[in-house]
Amino acid sequence: MARMTRHELKHDEMRDLGEHLLDWIRKHANTLTTVVLIVALGFLGWKLYGKYVESRQAAAGAELGTLLRHYYQGIGAPTKDKRTEMLATTVNDAERIAREHAKTYAGRLALLILGNAKYYEGMFAETAGEEAVNALREARGAFERFIRVAASPEEKAAGHLALGQTLENLLFITKDLALAVEAQDAYKEVVKLVPNSYLAAEAKLGMARLLQNQQGRQEEARKLYEEIIASRPVPEVKPPEGARPVRMADGRELTVDDLTALRSFSKYSIQEQAKDMLRAMQGLAPAEPTS
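This is a predicted model, so every value here is computed, not measured.

S.K.: It is not clear to me how the overall build of the protein should be interpreted in this structure. Could you clarify?
M.R.: Secondary structure summary: the protein contains 12 helices and 2 strands in total. The order of α-helices and β-strands along the protein, N terminus first, is α-α-α-α-α-α-α-α-α-α-β-β-α-α. With 291 residues in all, the protein has 46% of them scored as buried. Long-range contacts, defined here as pairs at least 24 residues apart, represent 63% of the contacts in the protein between residues at least 6 apart. Accessible area of the protein: about 15000 Å², with a carbon and sulfur share of 53%.

S.K.: Please clarify how the pattern of salt bridges should be interpreted in this entry.
M.R.: Pairs can form between side chains of opposite charge whenever their charged atoms are close. Under the defined criterion, the tally for this structure stands at 15 salt bridges. Put simply, Lys-82 and Glu-85 hold a salt bridge, and the shortest N to O gap is 4.0 Å. Of this pair, Lys-82 and Glu-85 both sit in helix H4 (residues 80–100), 3 residues apart, which is roughly one turn of that helix. Under the relative-accessibility criterion, Lys-82 is labelled partly exposed at 36%. Owing to a relative accessible area of 44%, Glu-85 belongs among the partly exposed residues under this scheme. The shortest N-O distance in the salt bridge between Arg-217 and Glu-220 comes to 2.9 Å. Overall, the relative accessible area of 10% leaves Arg-217 in the buried class.

S.K.: Any chance you could explain the packing of aromatic side chains here in plain terms?
M.R.: Each aromatic ring pair is specified by the distance between its two centres and by the angle formed by the two planes. Summed over the entire model, instances satisfying the criterion amount to 4 aromatic pairs. Centre to centre, the rings of Tyr-119 and Tyr-120 are 5.4 Å apart; their planes meet at 70°, and the pair counts as edge-to-face. Of the two residues, Tyr-119 and Tyr-120, both sit in the buried class. Taking 6.0 Å as the distance between ring centres and 40° as the angle between the ring planes, the aromatic pair formed by Tyr-120 and Phe-124 counts as tilted.

S.K.: Looking at this structure, how should I read the nonpolar core?
M.R.: By size, the foremost hydrophobic cluster in this structure holds 64 residues, and its most contacted members are Leu-67, Tyr-187, Val-190, Leu-199 and Tyr-225. Top contributing element to this core by residue count: helix H5 (residues 105–124), with 11 residues.

S.K.: Can you walk me through the environment of Gly-61 in this structure?
M.R.: As for its placement among the helices and strands, Gly-61 is situated in helix H3 (residues 55–75). Considered as a pair, Gly-61 and Ala-106 are 45 residues apart in the sequence and their alpha carbons are 6.9 Å apart.

S.K.: How should I be thinking about the environment of Glu-154 in this particular structure?
M.R.: Residue position: Glu-154 is located in helix H7 (residues 153–174). Taking relative accessible area as the criterion, Glu-154 reaches 35% and is therefore assigned partly exposed. Residues Glu-154 and Leu-193, spaced 39 residues apart in sequence, show a C-alpha to C-alpha distance of 7.2 Å.

S.K.: Quick question: what am I supposed to make of H5 here?
M.R.: Because an α-helix completes one turn every 3.6 residues, residues spaced three or four positions apart along the sequence face the same direction. For H5, with 20 residues, the first-to-last C-alpha span of 29 Å sits near the 28 Å given by 1.5 Å per residue. Counting buried positions over the 20 residues of H5 gives 17, a clear majority of the element.

S.K.: Got a minute to help me understand the environment of Ala-142 in this structure?
M.R.: Turning to its location among the elements, Ala-142 is positioned in helix H6 (residues 130–149). Given the relative accessible area of 3%, Ala-142 is considered buried. Residues Ala-142 and Gly-159, 17 residues apart in the sequence, show an inter-C-alpha distance of 9.2 Å. Residues within four places of Ala-142 in sequence aside, it is in contact with Leu-111, Leu-114 and Gly-115.

S.K.: Would you mind showing me how to read the packing of H6 against H7 here?
M.R.: Angle between the axes and distance between the axes: these two values describe a pair of packed helices. Where H6 contacts H7, the two axes come as close as 9 Å, and the packing angle between them is 160°. The angle between H6 and H7 falls in the class roughly antiparallel. The interaxial crossing formed by H6 with H7 has left-handed handedness. Across the interface between the two elements, Ala-132, Val-133, Leu-136, Arg-137, Ala-139, Arg-140, Phe-143, Glu-144, Phe-146, Ile-147 and Arg-148 from H6 touch Glu-155, Lys-156, Gly-159, His-160, Ala-162, Leu-163, Thr-166, Leu-167, Asn-169, Leu-170, Ile-173 and Thr-174 from H7.

S.K.: I would appreciate a short explanation of unusual backbone geometry in the present structure.
M.R.: A negative phi angle characterises most non-glycine residues, just as the trans form characterises most peptide bonds. The phi dihedral of Lys-103 falls on the positive side, at around 70°, and the residue is not glycine. Relative to the elements of secondary structure, Lys-103 occurs in the loop between H4 and H5. Residues other than glycine seldom take positive phi values, yet Asn-196 does so here, at roughly 65°. By the element assignment, Asn-196 lies in the loop between helix H8 (178–193) and helix H9 (198–211).

About the cut-offs
Residues numbered from 1 in each chain as written. Predicted model: local features only at pLDDT ≥ 70, side-chain atom pairs only at ≥ 80, totals over all residues. Heavy atoms only, no water. Helix = DSSP H or I, 4+ residues; strand = E, 2+ residues; numbered from the N terminus. Buried < 20%, exposed > 50% of the residue type's maximum accessible area, 1.4 Å probe, protein only. Contact = heavy atoms within 4.5 Å. Areas by Shrake-Rupley, 256 points an atom, 1.4 Å probe, with all protein chains shown as cover. Salt bridge = Lys/Arg side-chain N within 4 Å of Asp/Glu carboxyl O. Phe/Tyr/Trp six-rings, centres within 6.5 Å; stacked < 30°, edge-to-face > 60°. Core = buried A, V, L, I, M, F, W, Y, C linked by side-chain atoms within 4.5 Å. Expected span 1.5 Å × (residues − 1). Axes fitted to C-alpha atoms, helices over the stretch in contact; angles between N-to-C directions. Parallel < 35°, antiparallel > 145°, perpendicular 65-115°, else oblique. Left-handed = near helix turned anticlockwise from the far one by under 90°.

What follows is the structure, given as structure tokens:
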């Protein structure tokens, strides 16, 4: 894949990139707000309890559990005031844990959750103005801190993926096209660190999003989408014996195929996301999720 540098982006190309890229991000901004959370909680889920078995480690694990609860309460709060309060609590607690447990797994995860909290502060801002930009820049700083102290390729990759998505959202708000280059570089690091992984597939999806609206680079985007589709197949789920259609309260009927798709989450897989983006490039309507 050709490497894009700031020097190669001439004035006219930058303007063309901006018009197409920002228009696409405007239409798909909601998609860009989801994966950062998944990245953080994925690591928390499969490593936490195996790491903290001694007394001090167990205490750190308990603090992380409280931190995560506050984070959930913040992003799910029913009112702006409650959301602001809980996310501020999350940020303060994350900073404290990162400081008190520096150079430990707890301290590193606290930085990742701190970045998530600031990221969602930016996403929940009422306008895409100074408040959102400042929060996303702080999220960027937290993710960069996490990358510097990450202890494994997987952790570094998680940080780079979160960083790339943060830069994409900053690009949307600020229209600073240099951020497109930085986001691409962050995604490339993920692929380099953990090739053939779920994180790499998410990074390729981000790379393709950016490439598809750059002049002359649609073919590169198409190839990336096809790579994702080929490399991340959804496991086959067969309908249970005797399965029958289900009629919903609003009168709609879910077929056996619909129910099978729901059980497999196939409509929400990264493979399906890539398929939808490929359809959009070809001028076709994306598939409707089963509901």
